[in-house]
Amino acid sequence: MINITFPDGNVRQYEAGTNAIDIAKSISHGLAKKVVSANVNGEVWDATRAINEDAKVQLLTFDDKDGKATFWHSSAHLMAEALEILYPGTKFGAGPSIDNGFYYDIDPGETTITLSDLPKIEKKMLELAREKNDYIRQETSKADAISYFKEKGDEYKLELLEKLNDGEITLYKQGNFVDLCKGPHIANTGDIKAIKLMNVAGAYWQGDENRQQMTRIYGVTFPKQKQLTEYLELLEEAKKRDHRKLGAELELFMFSQKVGSGLPIWLPKGTALRTRLEDFLKQEQIKRGYTPVITPHIGKKDLYVTSGHWEKYGEDSFSPILTPREGEEFLLKPMNCPHHCEIFGHKPHSYKELPIRIAEFGTVYRYEQSGELHGLTRVRGFTQDDAHIFCTPDQLKDEFLGVLDLTMHVISKLGFKDFTAQISLRDPEKNEKYIGSDENWEKAESAIIEATKEVGLETTTELGEAAFYGPKLDFMVKDALGRSWQLGTIQVDYNLPERFELEYIGADNQPHRPVMIHRAPFGSMERFIGVLIEHCAGKFPLWLSPEQFAILPISDRFNDYCNEIKDQLAAHDIRGIIDDRSESIGRKIRDTELKKIPFMLIVGEKEVAENKVAVRIQGEGDKGAMSVQEFADYFATLL
RNA sequence: GCCGGUGUAGCUCAGUUGGCCAGAGCAGCUGAUUUGUAAUCAGCGGGUCGGCGGUUCGAAUCCGUCCACCGGCUCCA
C-alpha cells in the first residue's frame with residue numbers, strides 16, 4: 001500500500017500502481033468522470049498513469065488551469081490525427097495548449113489549408129473523438145523513436161528528438177496516430193465533445209523567421225457543448241469592446257490611407273479625452289517636482305549615434321531625411337531621451353540641484369513592419385508621456401519609489417485593477433546584447449528588485465527582456481480579447497549618461513556621473529487609450545467623458561430653457577450638448593444611449609414648469625426629476 | 001517583412017456559373033411632424049465595385065501586381 005496525500009492534507013492508502021482515475025472513483029463517481037489529469041508531486045501526470053510510491057496528489061479537472069492544458073493538448077493530438085487522415089504526408093511540428101485552446105504547427109507540403117477547410121477537419125475530429133480511443137503512453141528508446149519518425153518522414157519531429165536524451169522519451173498514441181510527446185494526456189478521445197477550429201495562420205518553425213514557415217491551426221475544445229457556446233458568446237462580447245470598432249463608432253480617432261497606415265488621427269472627441277488624460281498627468285507631475293520641456297520632432301542622426309539607438313534600432317527608425325542643400329541627416333525622433341540628455345548637459349549642475357526631472361509629452365515615430373500595425377496599440381507615430389530623472393546613485397531608490405507611486409496612482413485612478421508588473425532583467429548568457437558595465441547593471445537591477453519589494457508590488461521576473469541600456473519594470477494589462485499589452489514602464493539607465501558624458505559636481509567638488517530613470521506611466525497615449533476603451537467598453541470614467549450629458553428637449557419650444565440649463569451646468573464645470581433636432585424623444589434617447597453619453601437630461605412641459613430636468617442614466621434608465629443644483633451635487637459625488 | 005483571409009455608398013451587407021443603366025437597410029439632404037424615456041412619416045441625392053495593368057465582344061465577378069484592413073508569426077528603444 002502507498003500513502004496518497006491530498007491538497008487539504010488528508011492522507012489515504014491505496015494499492016501501489018493505482019492511478020488518478022481510481023483515486024477519484026474512491027471519492028465519487030462524478031469526480032472520476034471529470035478528472036482529466038493529476039498533479040503528482042508537482043508534475044502533471046496522465047490520469048491513467050500508475051502511481052507506485054507515496055505521493056502528493058491533486059486531481060485536476062477541466063476547471064483547473066493545468067487540467068485545461070491537458071485537455072487542449074490532447075485535442076491538438078486529435079486534430080493532428082484528423083489532419084493525417086485528411087492530408088496524408090503532412091509533417092508535424094509542435095502542437096501545444098495555449099491560454100485559450102491549442103494549436104498545431106504543420107507542414108502540409110504542396111497543399112494549402114485555409115479557413116474554409118476547417119469545418120471538414122472539425123468534422124473528422126468529432127468522428128475520431130466518437131471512436132473513443134484511449135491515449136496510450138509509451139516509453140521508448142531514442143533509437144526506436146528516431147527510426148519511427150525517419151520512416152514516417154517527419155523531419156521536424158526528428159529535429160525535436162535530437163535535443164532529447166535517451167531514457168526520457170515518450171510517445172503517445174490514440175487511434176492510428178503516434179506523436180512524440182512528453183504528455184500528459186486525457187484518458188480517452190471520447191471526452192472531447194465540442195470542437196471549434198478558430199483560424200489558420202503562418203508561424204515560423206522554432207520561432208525563427210529564417211526558417212520554414214509552417215501552417216498553424218488554432219482550435220478550442222470543451223467537455224460540454226454548452227461550454228463552447230458560452231465561449232463563443234464571450235468572444236462576440238469581446239469583439240464589441242474592440243477599441244478599433246468603438247473608436248470609429250464613438251468618433252474618437254480615425255486612420256486614413258492617404259495620411260498613412262499606423263498613423264492615428266485624433267478626432268475632436270478623442271482629442272478631448274486625450275487632453276484630459278494629459279492634463280491629469282501634467283498636474284500630478286508638477287506636484288511631484290517635474291519640469292516640463294519641449295523638444296523638436298527631429299534630431300540629427302549623430303544624436304542617435306551618440307545614444308546608441310542608431311546602431312541598435314536604426315533599421316526600425318524612419319530613414320534619415322536630408323537638408324536639401326547641406327545634405328545633413330536628420331531622424332524623425334524615435335526617442336525623447338537623447339534630447340533630454342542634451343538639456344541636462346547644456347549647463348553644469350551641482351549635486352544640490354538633483355534630482356532633475358525633465359518631462360515632455362513627446363511624439364515619436366518608429367518604423368513598424370506593415371504586418372505589425374494594430375489599431376492604437378501598435379502604431380508608427382505615438383506620444384509618450386515621457387520623463388527622465390537625473391539623480392545621484394544615492395537618490396536612485398527613492399526616485400524609483402516615487403515613480404512607482406506615481407505609476408500606480410495613475411493606473412488605479414483609471415480603474416485598472418487587473419494588471420501585472422514585470423521586472424525585465426538582462427540575459428546573463430547574452431552579454432553582447434547590452435551596453436554598459438556589469439557593475440552598473442547589477443546596481444540597476446537590484447534597485448528595481450528592492451524598490452518593488454519595499455512597496456509590496458507583486459511581480460514576475462523575465463530574463464533577457466531588459467532594454468539594451470538597462471533593466472526595466474513594465475506594467476502589463478490585458479485587452480478585451482485577452483492579448484497582453486505593455487502600458488507604463490520604468491527603466492534605470494547608467495549608460496546614456498555615460499554616452500552623453502553627463503556630469504554633476506559633488507560635495508567633494510569632483511565631477512560625478514548621474515543615474516537616469518526613463519519612465520512613462522501611461523506608456524503611450526495611443527496605446528493607453530486603446531486599452532482604456534476596451535477596459536471600460538467605451539463608457540469612460542465621468543471625468544474623462546468627452547460629453548458628460550446630453551439635454552434632450554421634448555419639443556423645440558423648450559430650446560431656450562435647455563440653453564439656460566447648459567450654461568448653468570457649465571458654471572459647475574459639467575460639459576455636454578443639446579440635441580435640438582426635431583425628432584421624437586424616443587429617437588433622441590436611443591441615439592444618446594448609443595453614443596454612451598453618461599447622462600440624459602430630458603426637458604418638457606413639466607420640467608420647465610418646475611424648473612427641473614428629468615435625469616436618465618446611460619444604460620440604467622430614468623432617475624426622476626431634479627433641479628440643476630441637485631443634479632450638480634449628485635454629479636460631484638460621482639467624480 | 002512572412003503565411004492565410006478580406007476589400008461593393010459615410011456604416012452594415014446583397015449581388016447566382018463574367019452579360020440589361022450595381023441593389024437594400026441605416027446614416028445624409030429636403031419637406032411634413034412638435035413628440036414624455038432605445039428608431040415619426042414621405043421624397044431625394046449618393047458608388048472610378050481598394051488602385052493600376054491584363055484576358056475577353058463584354059469584368060464587381062477571371063489573372064497579375066500594388067495598397068489598406070483582419071487573424072497569426074517574427075520584431076518592439
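Here, residues in each chain are numbered from 1, in the same order as that chain's written sequence. Just so you know, chain letters begin at A and ligand numbers begin at 1, following the order they were written in. Since the coordinates come from a predicted model, pLDDT governs what is reported: local features require at least 70, and pairs of side-chain atoms require 80 or more to be given and counted, while whole-chain, interface and lining totals use all residues. Side-chain descriptors were evaluated using all non-hydrogen atoms of the structure, hydrogens and water having been removed beforehand.

Peer 1: Tell me about the overall build of chain A, residues and numbers included.
Peer 2: Going along the chain from the N terminus, every DSSP run of H or I of four or more residues is numbered as a helix, and every run of E of two or more is numbered as a strand. Within chain A, the secondary structure is distributed over 20 helices and 33 strands. Across its three principal axes, chain A shows a C-alpha extent of roughly 80 × 75 × 60 Å. Residue pairs in contact within chain A that sit at least 24 positions apart in sequence constitute 69% of those at least 6 positions apart. When the accessible surface of chain A is summed, it comes to about 31600 Å², and 47% of that surface belongs to carbon and sulfur atoms. The convention is simple: Lys and Arg are positive, Asp and Glu are negative, and His and the chain ends are not counted. In this description, the location of a charge corresponds to atom NZ of lysine, CZ of arginine, CG of aspartate or CD of glutamate. Where the 80 positive side-chain charges of chain A centre and where its 102 negative ones centre are 4 Å apart. Note on contacts: a residue pair qualifies if any of its non-hydrogen atoms lie within 4.5 Å across the two residues. Here the open area of atoms and residues is found with the Shrake-Rupley method and a 1.4 Å probe, where only the protein chains shown may cover a residue.

Peer 1: Just give me the short version of the protein's contact with RNA strand B, but keep the residues and values in it.
Peer 2: Whether a residue is near a molecule or strand depends on its heavy atoms: it is near if one of them lies within 4 Å of it. Of all residues adjacent to RNA strand B, which total 57 residues, the nearest are Y204, Q213, M335, E372 and E607. Sugar and phosphate atoms constitute 48% of the interface atoms of RNA strand B, taking the interface as everything within 4 Å of the protein. The term polar contact refers here to a pair of N or O atoms within 3.5 Å; inside protein, the definition further demands a hydrogen-donor-capable atom paired with an acceptor-capable atom, and it admits residues adjacent in sequence only when both atoms are side-chain atoms. S582 is positioned with one of its side-chain polar atoms (N or O) 2.7 Å from a base oxygen of RNA strand B. Within the backbone of E605, one N or O atom sits 2.7 Å away from a base oxygen of RNA strand B. Residue assignment for the surface near RNA strand B shows that the elements contributing at least two residues are β12 (194–204), β13 (213–222), α11 (309–313), α18 (585–594), α19 (605–610) and β32 (613–617). Residue contributions to the surface near RNA strand B peak at seven residues, all from α18. The classification used treats Ala, Val, Leu, Ile, Met, Phe, Trp, Tyr, Cys and Pro as nonpolar, Asp, Glu, Lys and Arg as charged, and all other residues, Gly among them, as polar. Classifying every residue of the surface near RNA strand B gives 17 nonpolar, 20 polar and 20 charged.

Peer 1: Residue-level account of the packing of aromatic side chains, with values.
Peer 2: Stacked, edge-to-face and tilted are the three classes for Phe, Tyr and Trp ring pairs, Trp counted by its six-membered ring, which pair at centre distances within 6.5 Å; planes under 30 degrees apart are stacked, over 60 edge-to-face, the rest tilted. Tallying each qualifying case throughout the model produces 24 aromatic pairs. Look at F92 and F177: their rings are 5.4 Å apart centre to centre, the planes differ by 70°, and that puts the pair in the edge-to-face class. You can see F92 sitting in strand β6 (residues 91–92) and its partner F177 sitting in strand β11 (residues 177–180), a full 85 residues away along the chain. By relative accessible area, F92 is classed as buried at 0%. Whether a residue is buried, partly exposed or exposed follows from its accessible area with a 1.4 Å probe, protein chains only, as a fraction of its type maximum: under 20%, in between, or over 50%, in that order. On the basis of relative accessible area, F177 is assigned to the buried category, the value being 1%. Their ring planes at 50° and their centres at 5.6 Å tell us that F222 and Y231 sit as a pair that is tilted.

Peer 1: Which residues make up the sheet that holds strand β29 (residues 549–553), and what values do they have?
Peer 2: In spatial order, the strands read β30-β29-β31-β32-β33; together these five strands make up an open sheet with mixed pairing. In this open sheet, the two strands that pair with only one neighbour each are β30 (576–578) and β33 (621–626). The average undirected angle you get between the axes of adjacent strands in this sheet is 25°. Criterion used throughout: strands pair if DSSP finds at least two bridges between them. Sheet analysis places β29 next to β30, joined by three bridges and oriented parallel. If you follow A550 over to β30, its bridge partner there is I577. Here, axes are lines fitted to C-alpha atoms. For helices the fit covers the stretch in contact, and angles between N-to-C directions go from 0 to 180 degrees. Packing of helix α17 (residues 559–571) onto the sheet brings it into contact with β29, β30, β31 (599–603) and β32, and relative to β29 it is tilted by some 160°. Packed onto the sheet, helix α20 (residues 628–638) meets β31, β32 and β33 and runs at close to 175° relative to β31.

Peer 1: Go over the sheet that holds strand β25 (residues 484–493), please, and point to the residues and values.
Peer 2: Neighbouring strands of a sheet are bound in pairs by backbone hydrogen bonds; such pairs are parallel or else antiparallel. Ordered by their spatial adjacency, eight strands build an open sheet running β16-β20-β21-β28-β25-β24-β22-β23, and the pairing between neighbours is mixed. Two strands in the sheet have a free side with no partner beyond their single neighbour: β16 (291–292) and β23 (459–463). Bridge count for strand β20 (residues 356–365) against strand β21 (residues 381–391) is ten bridges, and the pairing is antiparallel. Opposite Y365, over in β21, you have G381 as the bridge partner. Sheet contacts for helix α9 (residues 268–287): β16, β20, β21 and β28 (515–520); angle to β20, the most-contacted strand, approximately 160°. In the packing of helix α14 (residues 438–454) onto the sheet, contacts are made with β22 (419–425), β23, β24 (472–478) and β25, and the angle to β22 comes to roughly 155°.

Peer 1: How would you summarise the pairing of β21 if you had to cite specific residues and measurements?
Peer 2: Counting buried positions over the eleven residues of β21 gives eleven, a clear majority of the element. With burial as the criterion, each face of β21 is covered, one bearing G381, T383, D385, A387, I389 and C391 and the other bearing F382, Q384, D386, H388 and F390.

Peer 1: Just give me the short version of the side chain of S524, but keep the residues and values in it.
Peer 2: Structurally, the position occupied by S524 is in the loop between β28 and α16 (525–535). For S524, the residues in contact, after removing those within four places along its chain, are F382, T383, Q384 and D385.

Peer 1: Any chance you could break down the packing of helix α5 (residues 142–152) against helix α6 (residues 155–162) for me, citing the residues and the numbers?
Peer 2: The N-to-C vectors of α5 and α6 enclose an angle of 160°; their axes lie 8 Å apart at closest approach. By the angle class used here, α5 and α6 are roughly antiparallel. Note on packing geometry: the crossing formed by α5 with α6 is left-handed. Residues K142, A145, I146, F149 and K150 of α5 pack against K157, L158, L161 and E162 of α6. Each angle receives one of four descriptions, namely roughly parallel if under 35 degrees, roughly antiparallel if over 145, roughly perpendicular if within 65 to 115, and oblique otherwise. The hand of a helix crossing depends on one turn: near helix anticlockwise from the far one by less than a right angle means left-handed, and clockwise means right-handed.

Peer 1: Run through the side chain of H243, naming residues and quoting values.
Peer 2: In this structure, H243 sits in helix α8 (residues 243–249). A residue is classified by how much of its surface remains accessible, and H243, at 1% relative accessible area, is buried. Within the local environment of H243, its side chain forms a polar contact with the backbone nitrogen of L376, the two atoms lying 2.8 Å apart. When residues no more than four places from it in sequence are discounted, the contact partners of H243 are F253, H374, G375, L376, T377, G530, I533 and E534.

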